[in-house]
Amino acid sequence: MVEQIPGKVDMDKLVSLCKRRGYIFPSSEIYGGLGACYDYGPLGVELKNNVKKAWWKAVVQERDDMVGLDASILMHPQVWVASGHVEGFADPLVDCKQCKQRWRADQVRDGKCPACGGELTEPRMFNLMFKTFVGPVEDEASVVYLRPETAQGIFVNFPNVLNATRKKLPFGIAQIGKSFRNEITTGNFIFRMREFEQMEIEYFVKPGTDERWFKHWVGERFNWYINLGIKKDNLRLRHHSKDELAHYALDCYDIEYFFPMGWSELEGVANRTDFDLKQHSKFSGKDLSYFDEETKERFVPYVIEPSAGVDRSVLAFLADAYDEEKDKEGLRVVLRLHYDLAPVKVAVLPLSRNEKLIPLSKKIYDSLRRCWMVQYDDAQSIGRRYRRQDEVGTPFCVTIDFQSLEDNMVTIRERDKMRQIRVPIESLTETLEAKLSGEPLDVLPPGGKKWLGFEE
Ligand code: GAP
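Residues numbered from 1 in each chain as written. Predicted model: local features only at pLDDT ≥ 70, side-chain atom pairs only at ≥ 80, totals over all residues. Heavy atoms only, no water.

Peer 1: Is there a simple way to explain the site of the ligand in this structure?
Peer 2: Taken together, 21 residues form the shell around the ligand, and within it Glu149, Arg181, Met193, Glu200 and Glu265 come nearest. Interatomic distance of 2.6 Å between a side-chain N/O atom of Glu149 and a nitrogen atom of the ligand. One of the side-chain nitrogen or oxygen atoms of Arg181 is found 2.8 Å away from an oxygen atom of the ligand. For the ligand, the accessible surface in isolation is 560 Å², of which the surrounding protein chains cover 91%. Broken down by secondary-structure element, the contributors of at least two residues to the shell around the ligand are strand S10 (195–205), strand S13 (262–273) and strand S16 (302–309). (Near = heavy atom within 4 Å. Polar contact = N/O pair within 3.5 Å; in protein donor to acceptor, adjacent residues only side chain to side chain. Areas by Shrake-Rupley, 256 points an atom, 1.4 Å probe, with all protein chains shown as cover. Helix = DSSP H or I, 4+ residues; strand = E, 2+ residues; numbered from the N terminus.)

Peer 1: When you look at helix H7 (residues 210–227) in this model, what are you seeing that I'm missing?
Peer 2: Spacing of three or four residues puts side chains on the same side of an α-helix, whose turn is 3.6 residues. Over its 18 residues, H7 extends 25 Å from the first C-alpha to the last, a length consistent with the 26 Å expected when each residue adds 1.5 Å. Regarding H7, the residues found buried are Asp210, Trp213, Phe214, Trp217, Val218, Arg221, Phe222, Trp224, Tyr225 and Ile226. (Expected span 1.5 Å × (residues − 1). Buried < 20%, exposed > 50% of the residue type's maximum accessible area, 1.4 Å probe, protein only.)

Peer 1: When you look at the pattern of salt bridges in this model, what are you seeing that I'm missing?
Peer 2: A pair can form between side chains of opposite charge whenever their charged atoms are brought close. In this structure the tally under the stated criterion is 43 salt bridges. Taking the shortest distance from any N to any O, the salt bridge between Arg336 and Asp323 comes out at 2.9 Å. Of this pair, Arg336 sits in the loop between strand S18 (330–335) and strand S19 (346–350) while Asp323 is found in strand S17 (residues 322–327), placing the two residues 13 residues apart along the sequence. When the shortest N-O distance is used, the salt bridge between Asp407 and Arg422 registers 3.5 Å. Of this pair, Asp407 sits in helix H12 (residues 402–407) while Arg422 sits in strand S23 (residues 420–424); the two residues are 15 residues apart in sequence, bridging distant segments of the chain. Here the salt bridges do not stand alone but share partners, grouping Asp323, Glu325, Asp327, Arg332, Arg336, Arg387, Asp390, Arg413, Arg415 and Asp416 into one network. (Salt bridge = Lys/Arg side-chain N within 4 Å of Asp/Glu carboxyl O.)

Peer 1: Even after reading the chapter, I still don't get helix H8 (residues 275–284), so can you show me in this structure?
Peer 2: Turning to H8, its buried residues are Asp276, Leu277, Gln279 and His280. The buried residues of H8 occupy an angular sector of 160° when the element is viewed end-on, so they sit on one face. Summarising the contacts, the buried residues of H8 are in contact with helix H3 (78–82), helix H5 (151–156), helix H6 (158–165), S10 and S13. The first or second residue beyond H8 is Gly285, which carries a positive phi of 75°. (Arc of directions from axis to C-beta. Contact = heavy atoms within 4.5 Å.)

Peer 1: I'm lost on the packing of aromatic side chains in this one. Help?
Peer 2: The description of two aromatic rings rests on the distance between their centres and on the angle between their planes. One pass over the structure, following the stated rule, counts 17 aromatic pairs. Seen in terms of ring centroids, Phe158 and Phe204 are 4.4 Å apart; in terms of plane orientation they differ by 35°. Their pairing is tilted. In this pair, Phe158 sits in helix H6 while Phe204 sits in strand S10, placing the two residues 46 residues apart along the sequence. In this pair, the class of Phe158 matches that of Phe204, namely buried. Ring plane angle 45° and centroid distance 5.3 Å describe the contact between Tyr365 and Tyr376, whose orientation is recorded as tilted. One end of the pair, Tyr365, is in helix H10 (residues 358–369); the other, Tyr376, is in strand S20 (residues 374–376), with 11 residues separating them in the sequence. No difference in accessibility class separates Tyr365 from Tyr376, as the two residues are buried. Among the aromatic residues, those joined into a ring-pair cluster are Phe158, Phe171 and Phe204. Across from the ring centre of Tyr248, 3.6 Å away, lies the NZ or CZ of Arg272, which sits over that ring. (Phe/Tyr/Trp six-rings, centres within 6.5 Å; stacked < 30°, edge-to-face > 60°. Lys NZ or Arg CZ within 6 Å of the ring centre and 35° of its normal.)

Peer 1: In this structure, what is going on with a nonpolar patch on the surface? I would like to understand it.
Peer 2: Taken together, the side chains of Val81, Val86 and Phe283 define a hydrophobic patch exposed on the protein surface, amounting to about 200 Å² of accessible area. Examined against the element boundaries, Phe283 turns out to sit in helix H8. (Patch = residues over 30% accessible without salt bridge, like charges linked within 9 Å, V, L, I, M, F, W, Y side chains within 5 Å.)

Peer 1: Mind showing me how you'd approach the sheet that holds strand S3 (residues 66–69) here?
Peer 2: The pairing of strands in a sheet comes from backbone hydrogen bonds and takes either a parallel or an antiparallel form. The mixed open sheet is built from 7 strands, whose spatial order is S3-S9-S10-S16-S13-S12-S11. Only two strands of the sheet have a single partner each, and these edge strands are S3 and strand S11 (235–239). For this sheet, the mean inter-axis angle between neighbouring strands, taken without regard to orientation, is 25°. Contacting S3, strand S9 (171–180) and S10, H6 runs over the sheet at an angle of about 135° to S9. (Pairing = 2+ DSSP bridges. Axes fitted to C-alpha atoms, helices over the stretch in contact; angles between N-to-C directions.)

Peer 1: How should I be thinking about the layout of surface pockets in this particular structure?
Peer 2: With a probe scaled to a water molecule rolled over the atoms, the places where space remains empty come into view. Estimated volume of the second largest pocket: approximately 690 Å³. The wall of the second largest pocket is formed by 28 residues, among which Lys53, Ala54, Lys57, Leu228 and Asp340 lie closest to the centre. Every element with two or more residues in the lining of the second largest pocket is listed here: helix H2 (42–61), H7 and helix H13 (428–436). No other element matches the 8 residues that H2 contributes to the lining of the second largest pocket. Residues belonging to the lining of the second largest pocket are distributed by class as follows: 12 nonpolar, 6 polar and 10 charged. (1 Å grid on protein atoms, 1.4 Å probe; cavity = no way out; pocket = protein on both sides within 12 Å on 5 of 7 lines; lining within 4 Å. Points joined across faces, edges and corners; volume = space filled by probe spheres on them. Nonpolar A, V, L, I, M, F, W, Y, C, P; charged D, E, K, R; others polar.)

Here you go:
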């Protein structure tokens, strides 16, 4: 089920573009699909990888107080007892006695089935963790869970990372990985899935400094989305009231995005206190405290947790980038994705399939592919090919025409305002590199000719 806010990007159009152009497909579609599971196609996997790369660069590569981790999905079952998930990671579920559909009790109004108005059963708790078994025997002793969050892999590795890196507080551990939740209410495309990816940070601090670091991370994470092109009007912070805080949290802000179906959580930033480390200490019998060499104090660190969804970020970036504008040929659909996120950075387009143009076009294609994801397209008119690249968000097209064979120059055409510039082939790579790294378009490359249609 897809909900829709009037005036926002049409979710159906976005879903259709994603399928048509190879961003996102329903999982196992030829068998009728599997609820709330999706596959990323050739462009989708590039976009998703670019989102993860941008996150890793901002939170690990560019900070000296952060390190990375990649923990296993299957963990010792006691982890989930200690974390509270076995006991409490559950939603109240009701069944319709008439049509047999299941609903989350907190999402049902008037106590009637939203589908047929039928009578509902009393709520019962339904644990959202997927269960499976390790080894050949399927009994209670061999039950394990598919992790419902990546966070616990970080907590249980706190002493390992501490010993291996000799990091001093404050420092954090970042992880990107799959999580699984047997969600009852799904829908809204990749917003709520049963298998999804998270980008999580557990940032360990001295108790008493936690409020300062909490504010720091709320700001950092909010600005990350803005720096990657999300419009400020579509992003907001929502402070959790005391009664909606998770059992482990002292404080929490949601970073919300104005999705096609309304304002919803994109990322949560929580102050998890020393809850998790203390719980794992208690259940494992291992000491998870920290010794501060300077003050000679021993304490259990507090933890600030910015927890983002990869798929929700992908949805937000796609929705925010989607644009339609009328032009003389009808409607131009453009994905104005930030250059760092665009799946294909450059398209190489010979003006026609004329055999004289092919060798030079292929040579340029081969040399640019060493630097970026590049597409080669020679099918149909040049106008249609520009439109195809606009629709998937390719920032630059390089056109090779007959004059290129004479003057060794090619045309670069940019996506957003469709301006064009003619540059010598020898400075093509460095020009594209500079523009893709954010150099303003009015800076001319060596030997380049003025942008056509450049007005500012
Ligand atoms: N470790 C804390 C934690 O997991 P959460 O609010 O349950 O907190 C964090 O999840 C983020 O993970 C959410 O803000 C969202 O972006 C993403 N997420 C959670 N459940 C999801 C689902 N079923 N499908 C897609 N993304 C999900």
